[in-house]
12 protein chains.
Amino acid sequence: MHRFLVVHGPNLNLLGVREPDVYGSETLDRINASVEALAKELDVEVRIVQSNHEGKIIDEIQQARTWADGIVINPGGLTHTSISVRDAIAGVDIPSVEVHLSNLYAREAFRHESVIAPVCVGYVAGFGAESYRLGLRAVCELIKPGESEKVGK
Amino acid sequence: MHRFLVVHGPNLNLLGVREPDVYGSETLDRINASVEALAKELDVEVRIVQSNHEGKIIDEIQQARTWADGIVINPGGLTHTSISVRDAIAGVDIPSVEVHLSNLYAREAFRHESVIAPVCVGYVAGFGAESYRLGLRAVCELIKPGESEKVGK
Amino acid sequence: MHRFLVVHGPNLNLLGVREPDVYGSETLDRINASVEALAKELDVEVRIVQSNHEGKIIDEIQQARTWADGIVINPGGLTHTSISVRDAIAGVDIPSVEVHLSNLYAREAFRHESVIAPVCVGYVAGFGAESYRLGLRAVCELIKPGESEKVGK
Amino acid sequence: MHRFLVVHGPNLNLLGVREPDVYGSETLDRINASVEALAKELDVEVRIVQSNHEGKIIDEIQQARTWADGIVINPGGLTHTSISVRDAIAGVDIPSVEVHLSNLYAREAFRHESVIAPVCVGYVAGFGAESYRLGLRAVCELIKPGESEKVGK
Amino acid sequence: MHRFLVVHGPNLNLLGVREPDVYGSETLDRINASVEALAKELDVEVRIVQSNHEGKIIDEIQQARTWADGIVINPGGLTHTSISVRDAIAGVDIPSVEVHLSNLYAREAFRHESVIAPVCVGYVAGFGAESYRLGLRAVCELIKPGESEKVGK
Amino acid sequence: MHRFLVVHGPNLNLLGVREPDVYGSETLDRINASVEALAKELDVEVRIVQSNHEGKIIDEIQQARTWADGIVINPGGLTHTSISVRDAIAGVDIPSVEVHLSNLYAREAFRHESVIAPVCVGYVAGFGAESYRLGLRAVCELIKPGESEKVGK
Amino acid sequence: MHRFLVVHGPNLNLLGVREPDVYGSETLDRINASVEALAKELDVEVRIVQSNHEGKIIDEIQQARTWADGIVINPGGLTHTSISVRDAIAGVDIPSVEVHLSNLYAREAFRHESVIAPVCVGYVAGFGAESYRLGLRAVCELIKPGESEKVGK
Amino acid sequence: MHRFLVVHGPNLNLLGVREPDVYGSETLDRINASVEALAKELDVEVRIVQSNHEGKIIDEIQQARTWADGIVINPGGLTHTSISVRDAIAGVDIPSVEVHLSNLYAREAFRHESVIAPVCVGYVAGFGAESYRLGLRAVCELIKPGESEKVGK
Amino acid sequence: MHRFLVVHGPNLNLLGVREPDVYGSETLDRINASVEALAKELDVEVRIVQSNHEGKIIDEIQQARTWADGIVINPGGLTHTSISVRDAIAGVDIPSVEVHLSNLYAREAFRHESVIAPVCVGYVAGFGAESYRLGLRAVCELIKPGESEKVGK
Amino acid sequence: MHRFLVVHGPNLNLLGVREPDVYGSETLDRINASVEALAKELDVEVRIVQSNHEGKIIDEIQQARTWADGIVINPGGLTHTSISVRDAIAGVDIPSVEVHLSNLYAREAFRHESVIAPVCVGYVAGFGAESYRLGLRAVCELIKPGESEKVGK
Amino acid sequence: MHRFLVVHGPNLNLLGVREPDVYGSETLDRINASVEALAKELDVEVRIVQSNHEGKIIDEIQQARTWADGIVINPGGLTHTSISVRDAIAGVDIPSVEVHLSNLYAREAFRHESVIAPVCVGYVAGFGAESYRLGLRAVCELIKPGESEKVGK
Amino acid sequence: MHRFLVVHGPNLNLLGVREPDVYGSETLDRINASVEALAKELDVEVRIVQSNHEGKIIDEIQQARTWADGIVINPGGLTHTSISVRDAIAGVDIPSVEVHLSNLYAREAFRHESVIAPVCVGYVAGFGAESYRLGLRAVCELIKPGESEKVGK
């Protein structure tokens, strides 16, 4: 059975509480439940972690090298600055997908650029909790036999 | 039955021919077939158009105002410059999703910014033909009753 | 009798429908009627065209060289990017006035610059339909005998 | 009877003398006369002031709050730098129109941006003395009953 | 008894009138009264001036050299552009504190930088009238015997 | 009794040791003692934490949501880069004040901008340990009944 | 016999009319005649098209994939903005040469950069009609057997 | 006898007092005396004015049009921002020379650029009071018969 | 015996695994062994730490103040963003050397700048594990008696 | 008989040796032979010089003023920085053509701009040795009687 | 007797020939004669050199360390780029004055900045040959006994 | 026996004389002696050259192609601008190491970037004469058999 790491970056534990007009009113627990429901439907396993600590997130990504088939990551505020998280993903060489709850292009200009996305396969943003679910679908498709040669860098 | 407009921008008719190391080897016909297959599975209808003419694309988006429940658009080279396509989408006020075959953040810097994404609900990029399919799933979720209040701008 | 070309760029056919908080609630038909009314009052003739196609707009400007005494143009989303429309106006060498419904300086920064205005005589913006009427008045003044030497480039 | 403040910023008292190839050969007196003639025609009253002192201009704008229905202002060299004039206009909350004799986009790049225009309703530029007259017409239209809801910000 | 100059820059005389959602609803008179009340409490004397004229403000700062122990200044719109006010403060060499009613970092980007702050000891912003009172407290602390060596530049 | 969180960011534990010409010669212990003395005087309670770990600081801010009436934070080197600390403060929605020992505008250009200040009510900088005390006074004023409507954003 | 596509972008149909001090006094017809004369001399065939429509130009480039051995293109005002024309040329993978009548480096700064040149083999500019003839010579040399390995990218 | 206007901008009245390590220890009176001594030696007349008010300086420059043969101006802090002083000098069309006590290139970056110098004949900087004397010499040379055609703009 | 701290920043524990074409195929253990071998040869002692946590690295640098004669640090992805690590090094005031395995100038532009290097004595980059060894040699030279006055900051 | 100077800038003597994947495998001798062959065919004379010394190149250009009818120059690495070579060409006022072996727009961004091209008539790039031959043809066309009025600047 | 080095940078040997509308019609010989005449008048000695070779100019500046009391240098095109000439002047530590024939601020933007001026005492520009004479006067004043403390850096 | 070229760029012959607070008090002769001592210790041969002429340095690098195993170069002021030296090093394809006496990141911003480093293997900076010695060690390590595959680009 395929296994995936799902990472929530800093402050995502506040979901449903923090700025609901930006991030929606769903709590992290409900998002996780819906991700797990989809995992079940797709017949895969997920390990979900949230941390406000960049170092903890890097540790998790590094360890994923030994067990995971893919990563779905919402780096939160680290999206725009953490070259270390970028280097971690590039280093483990597992197909990764960046996801965001909100449409970053419709927010402040400093949120338009991602230093992490260049080392991911792709990204999904703007659909609330659904972004995670689409990201999980995407990474599942990626590891199907024969997919890698169909998709360009 | 819900109906959606799927737009392929300039040069996407060359798919499978043009730079396969960037865009994959699938032809536009095969992508369209897979989008239609998913539409059937989701029980919705799609109208698919491709054009190399910005004006034609604007016309199509404007007309969609009278019949479509959502738009999935890959603006191709217009992504980074066409304020007119942006204004068309903002003007018709139908939930729209921007999709790309490749991961734009992993390409030239001038492809990182999108002038169209700020007026879409969200975007999906990097998964080849699968990007369209994820985009269609996303826009279908968006028009489910009660969804609009769950997702922030 | 003097004759003028009035050009509406992309998406202006959506007026009254599209983002009324930005562009006002008047339809293009009503704006055109008010422009024609003023033309009558000033005893001039106007040909009014709208197109979402940059190429069509360039064609119209080029043809105006053979019949028109002046141009009033709202380039819409092309204002900020179309060097080709700029070159067309510079090429036909007819006094032209750029007009906008809204105050571009009060909107997104990418709307502050105009690549077309440098080859026009002047510009008017921010007064809704009245912008067109002021623009028509301005271009009429410009072609009065003896005016050209009073106004600098 | 409606009353308006017309402000000429620094150096505009030199008109007809200073760089006639840029600003035209009309003197300020003749421009004022033509503005007053139009005011008569439109059945409104105007108070016209010129000053080389930013502080004096701010004082005048502030006092206008107690008597004027609108402002027509050519801020001259203050256009590009005076956040204080901008704040004054924003503070008095009277509909204001920025006007310029010359087409600023056809001049040096540092003259393209205006820090004052964002707090005006609109702007008119490039038509010599006619710019003031078009500006006065515009502001008169703006205060007609029912106009405010027709024009977006 | 220690004596301080309190300077209100351009447009601050409009307080309570101008954009109350940005600057609060207190009038300048009430702010001045609260500053004077605090002065009494701290057993110091204040001279309060407001001017819309940059030159007047420079004159006042220069004269303060002969009588004042410190300056509290809200430069208003001059904050971001007046190198002359900056040079005046640097020239008189009296400890000065920059204050602002609103949080400039939460407003337009052009308000984030201050050309005056580098020659002040410190700054206080975002607390409405309270900013002035905190600024006065700060400058009083600064001139206490033995303070200068405790605080870095 | 009102309760406040006071946060010292990375390296502030070195105070009195590290670059005394920039930060003054007071130790963190003496600063904390003076903050606690003021708290007593103002009849409020403070919890003071210092950490070199961004994640730890985010955790503290998030927990403050359950008990604190306000936050006084000196983010140290995180001021200019930590979008995650910014998002944490925005997420807990408690009035926060940013403080700095030194006048950032008088230091390197990269220290002029703050990514955290836009989500605070205000900021105080340049007065050494006194900055914290002024910050605590400010946040106490903010939570007085009826204050929120007096201060603009 | 080798066959080549020669493309004239927007406004080049105005040649000899439009701004002769910039573009020379030759008409497009005379340029085309001289290109055809050279084609005859070099024993090759040319198809020459002019359009003001970006979409039309993209269509022509795409169709050239089925019949042409090379492309000579003067993109006119599209040179600096059309990522879609760039993508079309990159997509058809036929050796292409960008030509310009005038020396773009001696004109406005916004004309110095070309978004199309990076996907061409080379470019020629500044020699009036002769630029096209040099461009045709260049592309003929390129397709001679054994040439491709002599020239670097 | 030739007559010249010598202008000292804001804060120059503080000379000898303000930052002597930057501006030297000479007072403005001594500089003026040395300028007058040189005027006597060169057999010309000078009118010397100092003002902290930009408007006053513009007034003086404008009046110089009626009596002066040249201007020597040290715009002080206005050097870098006052487009109005620039426009005044350009408007009166008298040969002007910009002078500075200190070498602006050796100071803060914001002091490197001058918005006023482009409309002066030349500039002299870095020699303390001697800069004024060199400036006066320069402007005297400029108005010698036959000089204007020897020096390019 | 002299003692040194050697710091490996985030992701350096992946060495030999992560992107060997960029970082070489040596593992961190082998690098550490070669550093320790050199330490023995130079008759000094080293403490080597690796962490993915910025806060942990700051803690280590701070503690080094009490025992170490110098620091050799490869900040990894923190090189370009961590003002907190910079402040820590500046705060402890021990001679520090920045080292990198790869030649950062030959990689992405965002890796050219270092926010940490300005507070180090010097830096060494591009020689794989040898960079650490050269760095250790350098810092040993620096603490030789009489060296400090030979080398400028 | 017409005579031309052909200049090879720094490092072009390494051709065929240096980076053959960028510059092709032809040696400078073979390029010179092919240029001389074309010169013979066109019945003109060429003087060919190569130097790694900017000063030597300037000397040659200056001397060309006394004998040459045109210049073909590949400035090599000086293209992007040498204002002195630019000034030399502008100073001698002989029609000059800039040539490059490779397509600079397809290389690093710092190679896109040329400080020399603005003072040349035109430029040719991307065709290997053929670029020189096209450049020589171009400059020969330029000096044909009656050509100068056909080509714009 | 005091002795000075006068340096003419690249292309200044073309004076009177090259672009007389920019640089005037005087030849370098006549300028040198007028400089020598002034030297005689001031009772000092000058050594005048011109070179198109940056290295030669650096050699001359370095040798000046052994014999010259000051330097007057017109670096020509090296003004804007030669960090090596800058370092040479900084290295010899002789008072130097930068001079230019034309007003650089009134020319292309790339000529506004000088990398050499920051290490000179001052600069003089815009007065043709007179600039050299003013520069020589300035440097003579600088070495008068007691001058150094009157002028700030 | 391995042989290396050691290059000192412009002004390095002034060492010990020029700005000793930046570059240390050692003369170039002493540095060369210490480099030669290390060469002896490492059993290699060095040829050391210094020149103020960019062209001379390029010549030396080109000749090194025929005899040297590596290059150690301190390009001095050419570091930041000489694309020609960069191209020379790239052209000869010998492993090269860039060295600097001082820590460039701790100096002016224009010294942070190196146009030469991207084509070197690595760089060493900040250790005075020791930088050269570390650089020589580094290049010796590089040419040991089997090293090239251990170090990434």
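Thoughts on the overall build of chain A
Helix and strand counts for chain A stand at five helices and five strands. What you see in chain A, going N to C, is helices and strands ordered as β-α-α-β-α-β-α-β-β-α. Rg of the C-alpha trace for chain A: 14 Å, near the compact-globule value of 15 Å for 153 residues, within the 12% margin. In terms of overall dimensions, chain A has a C-alpha envelope of 40 × 30 × 30 Å along the principal axes. Looking at chain A as a whole, 67% of its 153 residues qualify as buried. In chain A, the share of contacts with a sequence separation of at least 24, taken over all contacts with a separation of at least 6, comes to 78%. Summing over all exposed atoms, chain A offers an accessible surface of approximately 5,100 Å²; the carbon and sulfur share of this is 47%. A gap of 1 Å separates the mean positions of the 15 positive and 21 negative side-chain charges of chain A.

Digging into empty space enclosed by the protein
Reported here for the largest cavity is a volume of approximately 260 Å³. Around the largest cavity, the lining comprises 24 residues; the ones closest to its centre are Glu54 and Leu78 of chain B, Glu54 and Leu78 of chain C together with Glu54 of chain G. Mapped by element, the contributors of at least two residues to the lining of the largest cavity are α3 (54–64) and α4 (83–92) of chain B, α3 (54–64) and α4 (83–92) of chain C together with α3 (54–64) of chain G. For the lining of the largest cavity, the per-class residue count stands at five nonpolar, 16 polar and three charged.

Some remarks on the side chain of Arg107 of chain I
Residue and element names in this part refer to chain I. As for its position among the elements, Arg107 is in the loop between β4 (96–100) and β5 (122–125). Nearest to the buried, unbridged Arg107 among oppositely charged side chains is Glu108, at 4.0 Å. When residues no more than four places from it in sequence are discounted, the contact partners of Arg107 are Val22, Tyr23, Ser102 and His112.

Concerning the relation of the copies chain A and chain B
Expressed as a screw operation, the relation of chain A to chain B combines 0.0 Å of axial shift with a rotation of 180°, fitting to an RMSD of 0.0 Å. The transformation just described matches what one would write down for a two-fold rotation axis. Proximity to the rotation axis, assessed at the C-alpha, singles out Val124 of chain A in chain A; its C-alpha lies 2.2 Å from the axis. Of the residues that chain A buries at the interface, 100% are likewise interface residues in chain B, meaning the two copies contact each other through the same surface.

Focus on the arrangement of the chains
Of all C-alpha pairs spanning chain B and chain J, none lies closer than 11 Å, and the two are not in contact. One finds no contact between chain E and chain K; the C-alpha atoms of the two approach each other to within 15 Å at their closest.

Looking at the interface of chain A and chain B
Taken together, the contact pairs 35 residues of chain A with 35 residues of chain B. Both faces considered, chain A and chain B share a buried interface measuring about 3,100 Å² in area, 57% of it formed by carbon and sulfur atoms. Our count for the contact surface shared by chain A and chain B stands at zero salt bridges. There are 11 residue pairs in polar contact (both at pLDDT 80 or more) connecting chain A and chain B. The element contributing the most residues to the side of chain A that touches chain B is helix α5 (residues 129–142) of chain A, with six residues. Residues of the side of chain A that touches chain B, tallied by class, amount to 17 nonpolar, 10 polar and eight charged. Bridge count for strand β5 (residues 122–125) of chain A against strand β5 (residues 122–125) of chain B is three bridges, and the pairing is antiparallel. Counted as the bridge partner of Tyr123 of chain A is Ala125 of chain B from β5 of chain B.

Observations concerning the interface of chain E and chain H
Interface size is commonly expressed as the accessible area that is lost once the parts come together. The interface is formed by 16 residues belonging to chain E together with 16 residues belonging to chain H. Summed over both partners, the interface of chain E with chain H buries about 1,300 Å², with 48% contributed by carbon and sulfur atoms. Remark: the boundary between chain E and chain H carries two salt bridges. Note that Arg86 of chain E and Glu108 of chain H form a salt bridge whose closest N and O atoms lie 3.4 Å from each other. For the pair chain E and chain H, the interface holds nine residue pairs in polar contact (both at pLDDT 80 or more). Every element with two or more residues in the side of chain E that touches chain H is listed here: α3 (54–64) and α4 (83–92) of chain E. Partitioned by chemical class, the residues of the side of chain E that touches chain H number five nonpolar, five polar and six charged.

Regarding the relation of the copies chain E and chain H
Its rotation angle being 120°, the transformation that places chain E on chain H also includes 0.0 Å of axial translation and leaves an RMSD of 0.1 Å. Such a combination of rotation and displacement between the chain copies is what one expects of a three-fold axis. Of the C-alpha atoms belonging to chain E, the one lying closest to the rotation axis is found on Thr81 of chain E, 4.2 Å away. A share of only 6% of the interface residues of chain E reappears at the interface of chain H, consistent with the copies meeting through non-equivalent patches.

Some words on the sheet that holds strand β4 (residues 96–100) of chain A
The mixed open sheet is built from 10 strands, whose spatial order is β2(A)-β1(A)-β3(A)-β4(A)-β5(A)-β5(B)-β4(B)-β3(B)-β1(B)-β2(B). Looking at the sheet topology across the chains shown, the edges are occupied by β2 (45–50) of chain A together with β2 (45–50) of chain B. Each strand axis lies, on average, 20° off the axis of its neighbour in the sheet, ignoring direction.

Things to note about the confidence of the model for chain A
Looking at chain A as a whole, its pLDDT mean stands at 91, while 93% of the residues score no less than 70. Confidence over residues 147–153 of chain A falls short of pLDDT 50; this stretch has 16 contacts with residues more than four positions distant or in other chains.

Concerning the sheet that holds strand β3 (residues 70–74) of chain I
Pairing within the open sheet is mixed, and its 10 strands lie in the order β2(I)-β1(I)-β3(I)-β4(I)-β5(I)-β5(L)-β4(L)-β3(L)-β1(L)-β2(L). Across the chains shown, the open sheet's two edge strands, defined by having one partner strand only, are β2 (45–50) of chain I together with β2 (45–50) of chain L. Across the sheet, the mean angle separating the axes of adjacent strands is 20° when strand polarity is ignored. Pairing of strand β4 (residues 96–100) of chain L with strand β5 (residues 122–125) of chain L involves four bridges; the strand directions are parallel. Bridge assignment links His100 of chain L to a residue of β5 of chain L, and that residue is Ala125 of chain L.

Notes on the packing of aromatic side chains
This structure, assessed with the given rule, holds 18 aromatic pairs over all chains. Summarising the aromatic geometry, the rings of Tyr123 of chain E and Tyr105 of chain F are spaced 5.1 Å apart at their centres and angled 55° between planes, so their arrangement reads as tilted. Of the two residues, Tyr123 of chain E sits in strand β5 (residues 122–125) while Tyr105 of chain F sits in the loop between β4 (96–100) and β5 (122–125), which places them in two different chains. In this structure Tyr123 of chain E comes out as buried when scored by relative accessible area, which is 4%. Ring pairing ties together the aromatic residues Tyr105 and Tyr123 of chain A together with Tyr105 and Tyr123 of chain B, which thus form one cluster.

Quick look at the pattern of salt bridges
All names here are of chain L. Applying the stated criterion to the full structure yields 108 salt bridges over all chains. As a salt-bridge pair, Glu26 and Arg30 come within 3.4 Å of each other at their nearest N and O atoms. With a relative accessible area of 14%, Glu26 lands in the buried category.

Looking at the environment of Leu15 of chain I
All names here are of chain I. With respect to the helices, strands and loops of the structure, Leu15 is situated in the loop between β1 (3–8) and α1 (20–23). Along the primary structure Leu15 and Gly122 are separated by 107 residues, whereas in three dimensions their C-alpha atoms are 24 Å apart. Apart from the residues lying within four places of it in its own chain, the contact partners of Leu15 are Tyr23, Glu26, Thr27, Leu28, Ile31 and Leu101.

Focus on the environment of His100 of chain F
Structurally, the position occupied by His100 of chain F is in strand β4. Along the primary structure His100 of chain F and Val124 of chain F are separated by 24 residues, whereas in three dimensions their C-alpha atoms are 6.5 Å apart.

Notes on helix α2 (residues 28–42) of chain A
Because each turn of an α-helix spans 3.6 residues, side chains separated by three or four positions end up pointing in the same direction. Residues and elements named next belong to chain A. Its 15 residues place the ends of α2 21 Å apart at the C-alpha level, agreeing with the 21 Å of an ideal helix rising 1.5 Å per residue. Regarding α2, the residues found buried are Leu28, Ile31, Asn32, Ser34, Val35, Leu38 and Ala39. For α2, the angular spread of the buried residues around the axis is 160°, confining them to a single face. Those residues of α2 that are exposed and angled more than 90 degrees off the buried face are Asp29, Lys40 and Glu41.

Topic: the pairing of strand β3 (residues 70–74) of chain D
Residues and elements named next belong to chain D. Burial runs high along β3: five of the five residues are buried. Relative to β3, strand β1 (residues 3–8) runs parallel, the two sharing five bridges. Paired with Phe4 across the bridge in β3 is Gly70. Both β3 and strand β4 (residues 96–100) contribute to a ladder of three bridges, which runs parallel. Looking at β4, one finds that Val72 is bridged to Val97. You can see the chain leave β3, run along helix α4 (residues 83–92) and come back into β4, and the turn it takes is right-handed.

Parameters and conventions
- Residues numbered from 1 in each chain as written.
- Chains lettered and ligands numbered in written order.
- Predicted model: local features only at pLDDT ≥ 70, side-chain atom pairs only at ≥ 80, totals over all residues.
- Heavy atoms only, no water.
- Helix = DSSP H or I, 4+ residues; strand = E, 2+ residues; numbered from the N terminus.
- Rg over C-alpha atoms; globule rule 2.2 N^0.38 Å.
- Buried < 20%, exposed > 50% of the residue type's maximum accessible area, 1.4 Å probe, protein only.
- Contact = heavy atoms within 4.5 Å.
- Areas by Shrake-Rupley, 256 points an atom, 1.4 Å probe, with all protein chains shown as cover.
- Lys, Arg positive; Asp, Glu negative; His and termini not counted.
- Charge placed at Lys NZ, Arg CZ, Asp CG, Glu CD.
- 1 Å grid on protein atoms, 1.4 Å probe; cavity = no way out; pocket = protein on both sides within 12 Å on 5 of 7 lines; lining within 4 Å.
- Points joined across faces, edges and corners; volume = space filled by probe spheres on them.
- Nonpolar A, V, L, I, M, F, W, Y, C, P; charged D, E, K, R; others polar.
- Salt bridge = Lys/Arg side-chain N within 4 Å of Asp/Glu carboxyl O.
- Least-squares fit on C-alpha atoms with pLDDT ≥ 70 in both.
- Buried area = accessible area lost by both parts, 1.4 Å probe.
- Polar contact = N/O pair within 3.5 Å; in protein donor to acceptor, adjacent residues only side chain to side chain.
- Pairing = 2+ DSSP bridges.
- Axes fitted to C-alpha atoms, helices over the stretch in contact; angles between N-to-C directions.
- pLDDT = per-residue confidence, 0-100.
- Phe/Tyr/Trp six-rings, centres within 6.5 Å; stacked < 30°, edge-to-face > 60°.
- Expected span 1.5 Å × (residues − 1).
- Arc of directions from axis to C-beta.
- Right-handed = clockwise from strand over helix to strand, strands pointing away.

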